[in-house]
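Now for the letters of each chain:
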Amino acid sequence: MIELRDIHKAFGRNHVLRGVTLTVPKGESMVIIGGSGTGKSVLLKCILGLVRPDAGQILIEGEDASRAEREAFLARFGMLFQGGALFDSLPVWQNVAFRLMRGATKRPKAEAREIAIEKLRRVGLKPEVADLFPAELSGGMQKRVGLARAIAADPEIIFFDEPTTGLDPIMAGVINELIREIVVEMGATAMTITHDMSSVRAIADDVAMLHGGVIQWTGPVADMDHSGDPYLDQFIHGRAEGPIEAVR
Amino acid sequence: MILLNPVGALGRAVLGGLAAVGRLALYLGATLYAMVRPPFYFREFGHAVWVIGYNSLPVVGLTAIFTGAALALQIYEGGSRFNAGQVVPSIVAIGMARELGPVMAGLMVAARVSSSIAAEIGTMKVTEQIDALVTLSTDPMRYLTVPRVLAATVTVPVLVAVGDSIGIFGGYLVGTQSLGLNAAAYLRNTADYLEIWDVTSGLVKGAAFGFLIALVGCYFGMNSGRGAQGVGAATKSAVVAASVLVLAANYILTTLFFAA
Ligand SMILES: Nc1ncnc2c1ncn2[C@@H]1O[C@H](COP(=O)(O)OP(=O)(O)OP(=O)(O)O)[C@@H](O)[C@H]1O
Ligand SMILES: [Mg+2]
């Protein structure tokens, strides 16, 4: 279970998070939606400790994240970064198997490579891709390699930052199914950021909308369409008119 | 503003400079701390030795041969009043080994290596690769900084040794081919006057320069601003800081080694 309590974060005068409080139960798929630049990526980075919140508390299974032993703490997580963040000095398979070749989860090279190729297959990439370098891949392929890397060590908690952005509709469908599978079959807890409403419906148990630095609305995905919240309504229907200003 | 308040501007510049030195010192401390704690990434170290050392050989060799050649000419001009046959070989050898070999190699490596390290790590920073490393339970200090700093510390002395030899050879070429000095006597004089400490002090300087150059490259890369502009600024700062530090360290080490 992930509990966020009153998280604040400002960059200079840009007050991005202004008291985010949110609970993600274990084994659930939470989808975070919200306008561009509202701080969704920053929120995930706060949980991982990549960005230090100015105030607030983050609890993972009741344990304070800021006091946890970093290595063991991070070993429970997988993260797909918005930009992929692949290591361009390493071939694709070593990117995917990065965690499997170092530290506590280290295993023989051949085995790590085999797992990497299997994970690549799950994100719809052929084994031939394994020996290419990230710079030789298209944007969507890089994204999927990033996804394969995030799930490679079978983490308990997985963050996906816009997993389907830049993918064709068929591949987006494959990825949505994959995320659903990971939650249902492996019992992982997932937090996914997406702008793609069909993706929200495909993968979410719960939805949270970030707006104005706080969680504007949260609830089960089934309640999303009759929430009565004007912000959420405007967002999910993509209307230019409404309480959310188009120029931010 | 600068015109209106020159003292204030100067004060700010000095304070800013001091703060930067302080941050670099903290980074140095973190690097040393990471060095003595496992894991050590041998592959990254080997790769860094290759990139920093081997790939720098041509440029270090070229600068050394021209430096040695020019030095021989200069000394001949100044020394011809005395005994050029003795003076040229000994001063070329001592000058290269103690001073010009390490300084020229240091400056060339500062330009080549601190920039490439800062650009590489800076790019990793702005494309979230550093964040990804951390998330994959890998400490960027141990994975990126330590291998590069150690590699530079052990390879720059080797570059200095190569540069010394090539520089002395450059002086020999000029001395024997265009100044008409006797080849056998030139070699004998070189060997007679050059002491072990002349060479080792230059190598120690090389190690110190290598350490500083890589440290500065990593520091500016890790603290790169956002976007391509941030990486560009980090690269520029790294080259400037590395060059200045090489020259400053050279002065300090020379004082320590030879003032006593
Ligand atoms: N390292 C940083 N330094 C300064 N400002 C930052 C930093 N990271 C994020 N920001 C700012 O925080 C705000 C939120 O950024 P964030 O990346 O979380 O947005 P987002 O909700 O993920 O948007 P998008 O949907 O476009 O990805 C932005 O205004 C951004 O400029
Ligand atoms: Mg984002």
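Residues numbered from 1 in each chain as written. Chains lettered and ligands numbered in written order. Predicted model: local features only at pLDDT ≥ 70, side-chain atom pairs only at ≥ 80, totals over all residues. Heavy atoms only, no water.

1. A word on helix α5 (residues 139-151) of chain A
In step 1: Counted at 1.5 Å a residue, the expected span for α5 of chain A with its 13 residues is 18 Å, and the 19 Å between its end C-alpha atoms agrees.
In step 2: Among the 13 residues of α5 of chain A, 10 are classified as buried, and the element is accordingly described as predominantly covered.
In step 3: Turning to α5 of chain A, its buried residues number three or more, namely G140, K143, R144, V145, G146, L147, A148, R149, A150 and I151 of chain A.
In step 4: On its buried side, α5 of chain A packs onto β6 (77-80), α3 (92-96), α4 (109-122), β7 (157-161) and α6 (169-186) of chain A together with α5 (129-135) of chain B. (Helix = DSSP H or I, 4+ residues; strand = E, 2+ residues; numbered from the N terminus. Expected span 1.5 Å × (residues − 1). Buried < 20%, exposed > 50% of the residue type's maximum accessible area, 1.4 Å probe, protein only. Contact = heavy atoms within 4.5 Å.)

2. Considering the site of ligand 1
In step 1: Surrounding ligand 1, one finds 15 residues, the nearest of these being S36, G37, K40, S41 and Q82 of chain A.
In step 2: Site remark: ligand 1 is flanked by residues from chains A and B.
In step 3: Here an oxygen atom of ligand 1 sits 2.9 Å away from a polar atom, N or O, in the side chain of H195 of chain A.
In step 4: For ligand 1, whose free accessible area comes to 630 Å², the fraction covered by protein is 69%.
In step 5: Those elements that provide at least two residues to the shell around ligand 1 are β2 (14-24) and α1 (40-48) of chain A.
In step 6: Element by element, the count of residues in the shell around ligand 1 is highest for α1 of chain A, at 3 residues. (Near = heavy atom within 4 Å. Polar contact = N/O pair within 3.5 Å; in protein donor to acceptor, adjacent residues only side chain to side chain. Areas by Shrake-Rupley, 256 points an atom, 1.4 Å probe, with all protein chains shown as cover.)

3. Remarks on the sheet that holds strand β9 (residues 206-211) of chain A
All names here are of chain A.
In step 1: Here we have 6 strands laid out as an open sheet, ordered β6-β7-β8-β3-β9-β10, and mixed in their pairing. Lying at the two open borders of the sheet, with one neighbouring strand each, are β6 and β10 (214-220). Across the sheet, the axes of successive neighbouring strands diverge by a mean angle of 15°, strand direction being ignored.
In step 2: In this sheet, β7 lies alongside β6 in parallel orientation, the contact comprising 4 bridges. Bridge pairing links G78 to I158 in β7.
In step 3: Across the sheet, helix α8 (residues 230-237) lies against β3 (29-33), β9 and β10, angled at about 100° from β9, the strand it touches most. (Pairing = 2+ DSSP bridges. Axes fitted to C-alpha atoms, helices over the stretch in contact; angles between N-to-C directions.)

4. Some details on the UniProt feature "transmembrane region" (unreviewed entry) in chain B
All names here are of chain B.
In step 1: Under the present numbering, the feature "transmembrane region" (unreviewed entry) in UniProt falls on residues 12-36, 48-73, 149-174, 203-222 and 234-259.
In step 2: For residues 48-73, the helix share is 85%, the strand share is 0%, and the end-to-end C-alpha distance is 37 Å.
In step 3: The span residues 203-222 shows a helical share of 100% and a strand share of 0%, and its end C-alpha atoms are spaced 29 Å apart. (UniProt positions renumbered as here; feature names shortened; annotations may be inferred.)

5. Some words on the confidence of the model for chain B
In step 1: Across chain B, pLDDT averages 91, with 97% of residues at or above 70.
In step 2: In the predicted complex, the global pTM is 0.90; the interface-specific ipTM is 0.92. (pLDDT = per-residue confidence, 0-100.)

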